[in-house]
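Below are the chains, spelled out letter by letter.
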Amino acid sequence: MLEFNKNETNKIVKAFKENKILAFPTDTVYGVGVRMGIDNLKRLKQIKNRMETKPIPVMCANVKQIEQIACVNENIKKIIQNFLPGALTLVLPAKDLPEEFTNGLSTIAIRIPDEPFLLKVIEALETPLFVTSANQSGSHTSLTYEDAKKQLPDLDGIVYGTCKELEASTILDCINMKILRKGPISMEDIQNVLK
């Protein structure tokens, strides 16, 4: 298994360009990700033992990347300006993407992480990453390097580091404006921004 430090941005970018699946610390919990691609997505689901029918969220580096894959209105822009980068995942109407990317759904879940090394990596790649929690599907969330490595022994590589929040992000359904998973950001926080 390849091992990296957070400051080895070029090496991490190279590994992602070679379609390697890597685990890494985020601003919430340990994540596992791969460059967007149908075969990459299939492999990521296999490594996690994740149901084929369950879509995998995407991490972007900026609003421009979000707008390439999802529809963003003025309210969503306000939410992005106020909470991202941060612990908020937005479920947005997907643009014309391969069916495999969204499991046939009309939506895609996206977040911009508040983790400088990860933003640098995604910017350098010039493409979003499929990212989900670094654990076996249905198992406890990995908060450490050791746990991610233990739960996902088939990874291509891992980035050493610590997570900030140690709590998964809030998931907001931006179509029906409701919280799908509670996290650090509340519905009240979001409504205050939209007033």
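Because the structure is predicted, anything quoted here is derived from the model rather than measured.

(A) Quick look at the overall build of the protein. Summing up its helical and strand segments, the protein has eight helices and ten strands in all. For the protein, whose C-alpha radius of gyration is 16 Å, the value lies close to the compact-globule estimate of 16 Å for 195 residues. Expressed along its principal axes, the backbone C-alpha trace of the protein runs to roughly 50 × 35 × 30 Å. Put simply, the protein has 195 residues, and 51% of those count as buried. Sequence separation of 24 or more characterises 64% of the internal contacts of the protein that already satisfy a separation of 6 or more. Carbon and sulfur atoms make up 48% of the accessible area of the protein, which amounts to about 9400 Å² in all. A distance of 0 Å separates the average location of the 25 positive side-chain charges in the protein from that of its 24 negative side-chain charges.

(B) Spotlight on the side chain of Gln 65. Mapped onto the fold, Gln 65 is located in helix H3 (residues 63-69). A polar atom in the side chain of Gln 65 sits 2.8 Å from the backbone nitrogen of Ala 61. Ignoring any residue separated from it by four or fewer positions in sequence, one finds Gln 65 in contact with Cys 60, Ile 122, Glu 126, Thr 127 and Pro 128.

(C) Molecular detail of the layout of surface pockets. Taken as a whole, the largest pocket encloses approximately 770 Å³ of empty space. Along its surface, the largest pocket is lined by 37 residues, and Arg 50, Pro 57, Thr 132, Ile 171 and Arg 181 are the ones closest to its centre. Of all the elements in the fold, those that place two or more residues in the lining of the largest pocket are strand E3 (30-35), strand E4 (58-59), strand E5 (88-93), helix H5 (99-102), strand E6 (107-111), strand E7 (129-133) and strand E10 (178-181). Here the lining of the largest pocket takes five residues from E6, the largest share from any one element.

(D) Representation of the packing of helix H4 (residues 74-83) against helix H8 (residues 187-194) in the model. In contact at an axis separation of 9 Å, H4 and H8 are set at 115° when each is read in the N-to-C sense. In this structure, the crossing between H4 and H8 has a hand that is right-handed. Across from Asn 75, Lys 78, Ile 79, Asn 82 and Phe 83 in H4, the residues of H8 making contact are Asp 189, Ile 190, Val 193 and Leu 194.

(E) Spatial organisation of helix H6 (residues 116-125). All buried positions along H6 are accounted for by Phe 117, Leu 118, Leu 119, Val 121, Ile 122 and Leu 125. Positioned one or two residues after H6, Glu 126 has a phi angle of 60°, which is positive.

(F) Local environment of the pairing of E5. Most of E5 is tucked away: five of the six residues are buried. In the sheet, E5 pairs with strand E9 (residues 170-173) via four bridges, with the strands oriented parallel. Residue pairing in the sheet places Leu 88 in a bridge with Thr 170 of E9. As judged from the four bridges shared by E5 and E6, these two strands associate in the antiparallel manner. The residue of E6 that forms the bridge with Leu 90 is Ile 110.

(G) Fine view of the sheet that holds E6. One open sheet holds the ten strands; their spatial order is E1-E8-E2-E3-E7-E4-E6-E5-E9-E10, and the pairing between them is mixed. Edge strands, defined here as strands with exactly one partner in the open sheet, are strand E1 (2-5) and E10. Pairing geometry for strand E2 (residues 22-25) and E3, over four bridges, is antiparallel. Bridging across to E3, Pro 25 finds its partner in Tyr 30. On top of the sheet, helix H2 (residues 38-48) reaches E3 and E7; it is set at about 150° to E3, its chief contact.

(H) Here's a closer look at the nonpolar core. With 43 residues, the main nonpolar core has Ile 66, Leu 88, Leu 90, Leu 92, Ile 110 and Phe 130 as its most contacted residues. Of all elements in the fold, only E3, H2, H3, H4, E5, E6, helix H7 (145-151) and H8 reach the threshold of two or more residues within this core. The element that contributes the greatest number of residues to this core is H4, accounting for four residues. Judged by nonpolar contacts, the second largest core, of 17 residues, contains Phe 24, Leu 129, Val 131 and Val 159.

Parameters and conventions
- Residues numbered from 1 in each chain as written.
- Predicted model: local features only at pLDDT ≥ 70, side-chain atom pairs only at ≥ 80, totals over all residues.
- Heavy atoms only, no water.
- Helix = DSSP H or I, 4+ residues; strand = E, 2+ residues; numbered from the N terminus.
- Rg over C-alpha atoms; globule rule 2.2 N^0.38 Å.
- Buried < 20%, exposed > 50% of the residue type's maximum accessible area, 1.4 Å probe, protein only.
- Contact = heavy atoms within 4.5 Å.
- Areas by Shrake-Rupley, 256 points an atom, 1.4 Å probe, with all protein chains shown as cover.
- Lys, Arg positive; Asp, Glu negative; His and termini not counted.
- Charge placed at Lys NZ, Arg CZ, Asp CG, Glu CD.
- Polar contact = N/O pair within 3.5 Å; in protein donor to acceptor, adjacent residues only side chain to side chain.
- 1 Å grid on protein atoms, 1.4 Å probe; cavity = no way out; pocket = protein on both sides within 12 Å on 5 of 7 lines; lining within 4 Å.
- Points joined across faces, edges and corners; volume = space filled by probe spheres on them.
- Axes fitted to C-alpha atoms, helices over the stretch in contact; angles between N-to-C directions.
- Left-handed = near helix turned anticlockwise from the far one by under 90°.
- Pairing = 2+ DSSP bridges.
- Core = buried A, V, L, I, M, F, W, Y, C linked by side-chain atoms within 4.5 Å.

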